[in-house]
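Topology and contacts: notes
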Amino acid sequence: MSRTLSTTPRQDGFRAPGEFEPKAGCWLIWPERPDTWRLGAKPAQKLFADVAAVISQSEPVTVIASGRQWQNARARLPANVRVVEMSTNDSWLRDSGPNFVVNDHGLVRGVDWTFNAYGGFNGGLYSPWDLDDLLAHKVLEVETMDRYRSPLIAEGGGLQCDGEGTLITTEQCLLNRNRNAHLGKPEVERQLGDYLGVDTIIWLPRGFAFDETDGHVDDICCFVRPGVVALSWTDDRTDPQYEIVREAEDVLRSARDARGRSLEIHRLPHPLPIETTAEESESVDRIYATWARPEGNRIAASYINYYPGNSVVVVPEFGCDLDARAKQVLAGLFPNHQIVGIANSREILLGGGNVACITLPVYAPQHR
């Protein structure tokens, strides 16, 4: 049974774990929306199936599919992947799904943020978004986990926790006028503390250029473990992210985490933004006024957008020389994991995100 609680995770002794912590499973949504995914989502479906297959070697995987696509998804996914039918608006479960929180006595619960499709009617990406705002509740019902419903507008891709009371996020996203600007920074910090159990928030001014989610942190940096951060990096002065990553590094180097530690920073290279080709643009349906896949549309590519499972790290590849270097850096950061690249993850990127954006980690019960 899943209960909706009137308390907060902090009141009940729960905390947000770091993404590197043990997992009980992972969820994804089978893509099909034709104005997000080109060619009726068939190229994206292959990539989602590849990601699900790799993660299923590490922990159990569940894929959500609509009634229209359930049989197709079931046929294309490995037999060890569970497929459940749910209604959705799109396929970014990291953002529309719950943030799981844990306590020291073996309980796991979920935080259900308010979701408005990255800005609602003030720059949001699609409408309606009502089905996606229900997804966290539905996932928690299936997982039989208790639910905290938060009034804060937030997405999982905009939040990076270290599991020990520290959160990294961006002002561009959480304090955006289309999210929570009306609340003011102190109130946003209070609510983040209440719902994630964090004591220290490190605010980066902005995320990557060309990030249509208004600067999610999951493209620019992430915690590898407490006190250790991977930062997307370039030395190319022509790269539109050149000043952004230096600005972020300055903030991170001057910060202290909730335990009073300075952060150890590892630079992970990133390629230049990709540009949508004429062929790719023409193969996306033009349905809604918010459609933004014209020829030449630029999208930020980042290896930071990886998924660290229990035994694998699933990392996007972009078909360039930096793929090998990025996997080498991640192998050093995760010496006990197999580093698995997803070839041609451009197909996911064309939809607006990458591996981390489509995966929702479910954390394992913990006892301390």
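The structure displayed is predicted, hence computed values, not measured ones.

Criteria and thresholds
Residues numbered from 1 in each chain as written. Predicted model: local features only at pLDDT ≥ 70, side-chain atom pairs only at ≥ 80, totals over all residues. Heavy atoms only, no water. Pairing = 2+ DSSP bridges. Helix = DSSP H or I, 4+ residues; strand = E, 2+ residues; numbered from the N terminus. Contact = heavy atoms within 4.5 Å. Axes fitted to C-alpha atoms, helices over the stretch in contact; angles between N-to-C directions. Expected span 1.5 Å × (residues − 1). Buried < 20%, exposed > 50% of the residue type's maximum accessible area, 1.4 Å probe, protein only. Arc of directions from axis to C-beta. Core = buried A, V, L, I, M, F, W, Y, C linked by side-chain atoms within 4.5 Å. Phe/Tyr/Trp six-rings, centres within 6.5 Å; stacked < 30°, edge-to-face > 60°.

Moving on to the sheet that holds strand S1 (residues 4-5). Read across the sheet, four strands follow the order S1-S7-S6-S5 without closing on themselves; strand pairing throughout is mixed. For this open sheet the edge positions go to S1 and strand S5 (99-102), each flanked by a neighbour on one side alone. Pairing of strand S6 (residues 108-114) with strand S7 (residues 147-153), which is carried by four bridges, proceeds in the parallel orientation. The partner of aspartate 112 across the bridge, within S7, is arginine 149. Here helix H4 (residues 130-143) sits on the sheet in contact with S1, S5, S6 and S7, set at roughly 170° to S6. Contacts from helix H6 (residues 185-196) reach S5, S6 and S7, with the element oriented near 165° to S7.

With that settled, consider helix H9 (residues 322-333). Taking 1.5 Å per residue, 12 residues should reach 16 Å; H9 reaches 17 Å between its end C-alpha atoms and fits that length. Listed as buried for H9 are Asp323, Ala326, Val329, Leu330 and Leu333. Projected down its long axis, H9 carries its buried residues within an arc of 130°, all on one side. In H9, the exposed positions angled more than 90 degrees off the buried face are occupied by Ala324, Gln328 and Gly332.

Counting 35 residues, the largest nonpolar core has Leu28, Val51, Val61, Val63, Leu77 and Val314 as its most contacted members. Listed by contribution, the elements that provide at least two residues to this core are strand S2 (23-29), helix H1 (42-55), strand S3 (61-65), strand S17 (312-316), strand S18 (338-342) and helix H11 (355-358). It is H1 that provides the largest number of residues to this core, a total of eight residues. Each residue touching valine 61, except ones within four places of it in the same chain, is listed here: Cys26, Leu28, Ala52, Ile55, Ser56, Asn80, Val81 and Arg82.

What follows covers the sheet that holds S18. Strand order across the open sheet formed by three strands is S16-S17-S18, with mixed pairing between neighbours. Looking along the sheet, the strands with just one partner apiece sit at the ends: strand S16 (307-308) and S18. Sheet topology note: the S17/S18 ladder contains five bridges and is parallel. Looking across to S18, one finds that valine 314 is bridged to valine 340. Set on the sheet, H1 makes contact with S16, S17 and S18; between it and S18 the angle comes to about 170°.

A separate point is unusual backbone geometry. Here serine 127 and proline 128 are connected by a cis peptide whose omega angle stands at 0°. Within the element layout of this structure, proline 128 appears in the loop between S6 and H4. Notably, threonine 144 is not glycine yet its phi reads approximately 50°, a positive angle. In this structure, threonine 144 sits in the loop between H4 and S7. Although it is not a glycine, asparagine 344 sits at a positive phi angle of roughly 60°. Along the chain, the position of asparagine 344 falls in the loop between S18 and helix H10 (346-349).

Relative to the assigned elements, glycine 163 resides in the loop between strand S8 (160-161) and strand S9 (166-170). Given the relative accessible area of 6%, glycine 163 is considered buried. Sequence spacing of glycine 163 and leucine 360 is 197 residues, and the spatial spacing of their C-alpha atoms is 16 Å.

With respect to the helices and strands, arginine 325 occurs in helix H9. Classification of arginine 325 as partly exposed rests on a relative accessible area of 43%. A sequence separation of 57 residues divides arginine 325 from leucine 268, and the C-alpha atoms of the two residues are 8.4 Å apart.

Our focus in this paragraph is the packing of aromatic side chains. In this structure the tally under the stated criterion is eight aromatic pairs. Their ring planes at 85° and their centres at 5.5 Å tell us that tryptophan 37 and phenylalanine 48 sit as a pair that is edge-to-face. Residue tryptophan 37 is found in the loop between S2 and H1, and its partner phenylalanine 48 is found in helix H1; the two are separated by 11 residues along the sequence. Taken together, the ring pairs in this structure connect Trp37, Phe48 and Trp92 into an aromatic cluster.

Of all five residues in S9, five are buried; the element is thus mostly enclosed. Where S8 meets S9, two bridges bridge the pair, whose relative direction is antiparallel. Its bridge partner lying in S9, glutamine 160 is registered against isoleucine 168. Hairpin connection, S8 to S9: the antiparallel pair is bridged by four residues, and glycine 163 has positive phi, about 80°. As judged from the five bridges shared by S9 and strand S10 (residues 200-204), these two strands associate in the parallel manner. By the bridge assignment, threonine 166 is partnered in S10 with threonine 200.

Attention now goes to H1. The first and last C-alpha atoms of H1 sit 20 Å apart over 14 residues, in line with the 20 Å expected at 1.5 Å per residue. Along H1, the residues that are buried comprise Pro43, Ala44, Gln45, Leu47, Phe48, Ala49, Val51, Ala52, Val54 and Ile55.

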